[in-house]
Structures are given as C-alpha cells and as structure tokens.
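# Summary of the model geometry
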Amino acid sequence: MSNWDDVLDAAKDGVLPTMLPADLKIPMVAPDDLGTAAARHLLEPPRDHDVYYVEGPQRYSPQDVANAFAVALGHSVTVEVTPHRKLGFSVGVLCANDRRQCR
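Computed from a prediction, not measured in an experiment: that's the story for all the values here.

Turning to the pattern of salt bridges, a few remarks are in order. Under the criterion given, the structure shown has two salt bridges. A salt bridge links Asp64 to Lys25, with the shortest nitrogen-to-oxygen separation between them at 2.6 Å. Linking Asp64 in helix H3 (residues 62–73) with Lys25 in the loop between strand E1 (15–18) and helix H2 (31–43), this pair joins segments that are 39 residues apart in sequence. Asp64 sits in the partly exposed class, given a relative accessible area of 21%. Looking at Lys25, the relative accessible area reads 46%, which means it is partly exposed.

Okay, structure coming up:
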C-alpha cells in the first residue's frame, strides 16, 4: 500500500481522496518489490514472452487503505471519491466512450 503514501497528509486530516470506487479491490505491489521483480527478469535469459504480472499477496480497495491508515493514525479516515466529471480532460476521453463511468 506504499503507493498511497502521497495522501498521508490528507489521511492525517481524516480523508482518503481517490478517483476509484471505495470498494474496488485492485492489485497493488510495493515499488521495492516491483524493482526486485524487474531486476530478476532482466537477469534471466530471454524467453518467448515478455509479459510478467507482479502484484502483492492480495488485492485492496481504497476502503482497505483508509482502514489501514485509521489503525496507524489512531483515528477514523473516510474515503472521499472524486466524481469522474471533476477529474479533468484525461477522464474526459473515458467519458466520451462510456457515459456510465462519468456520473
């Protein structure tokens, strides 16, 4: 969950900002673990495929991350989902393709 370190200050204030649905469980991997896997791959002989999947021992949701921050900080942390329509142009392309995502 170290990829969430950038929101520590917000979590200290009781909020976990995210653009993901609070209950969406996604693969997560620590940057150090990803670097280790990449180095191992670079040291192996070439193979007939180049896709390697790396993820942690389980998938986590933003709510799981908020719960972990709450335990570590000793106070509640609430997930605050930013609606897609407020995220700007990068999500605008998604909205043009699938309006259901942008409500």
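Structure shown, so let's carry the discussion forward.
Let us now look at the side chain of Ser61. Relative to the assigned elements, Ser61 resides in the loop between H2 and H3. With a relative accessible area of 3%, Ser61 lands in the buried category. In terms of polar contacts, Ser61 uses its side chain to reach the backbone carbonyl oxygen of Ala22, at 3.4 Å. If sequence neighbours within four positions are ignored, Ser61 has contacts with Ala22, Asp23, Leu24 and Lys25.

On to the nonpolar core, then. Generally speaking, a soluble globular protein has its nonpolar side chains buried in company with each other. Listed in full, the twelve residues of the largest apolar core are Trp4, Val7, Ala11, Leu16, Met28, Tyr60, Val65, Ala66, Phe69, Ala70, Val77 and Val79. Considering every element that reaches this core, the biggest residue donor is H3, with four residues. Setting aside residues no more than four positions away along its own chain, Ala11 makes contact with Phe69, Leu73, His75 and Val77.

All right, on to the pairing of E1 then. Burial along E1 is one-sided: the residues Leu16 and Thr18 are buried and none of Val15 and Pro17 is. The pairing of E1 with strand E2 (residues 78–81) spans four bridges and is classified as parallel. Of the residues in E2, the one forming a bridge with Pro17 is Glu80.

The next subject is the side chain of Thr18. Position of Thr18 relative to the elements: it lies in strand E1. Contacts of Thr18, omitting those with residues within four sequence positions, involve Trp4, Pro62, Val79, Glu80, Val81 and Thr82.

Another aspect to go through is a nonpolar patch on the surface. A cluster of nonpolar side chains, namely Leu34, Tyr52 and Val54, defines an oily patch on the protein surface of about 230 Å² accessible area. Take Tyr52: it is sitting in the loop between H2 and H3. Assessed through its relative accessible area of 34%, Tyr52 is described here as partly exposed.

Analysis parameters
- Residues numbered from 1 in each chain as written.
- Predicted model: local features only at pLDDT ≥ 70, side-chain atom pairs only at ≥ 80, totals over all residues.
- Heavy atoms only, no water.
- Salt bridge = Lys/Arg side-chain N within 4 Å of Asp/Glu carboxyl O.
- Helix = DSSP H or I, 4+ residues; strand = E, 2+ residues; numbered from the N terminus.
- Buried < 20%, exposed > 50% of the residue type's maximum accessible area, 1.4 Å probe, protein only.
- Polar contact = N/O pair within 3.5 Å; in protein donor to acceptor, adjacent residues only side chain to side chain.
- Contact = heavy atoms within 4.5 Å.
- Core = buried A, V, L, I, M, F, W, Y, C linked by side-chain atoms within 4.5 Å.
- Pairing = 2+ DSSP bridges.
- Patch = residues over 30% accessible without salt bridge, like charges linked within 9 Å, V, L, I, M, F, W, Y side chains within 5 Å.
- Areas by Shrake-Rupley, 256 points an atom, 1.4 Å probe, with all protein chains shown as cover.

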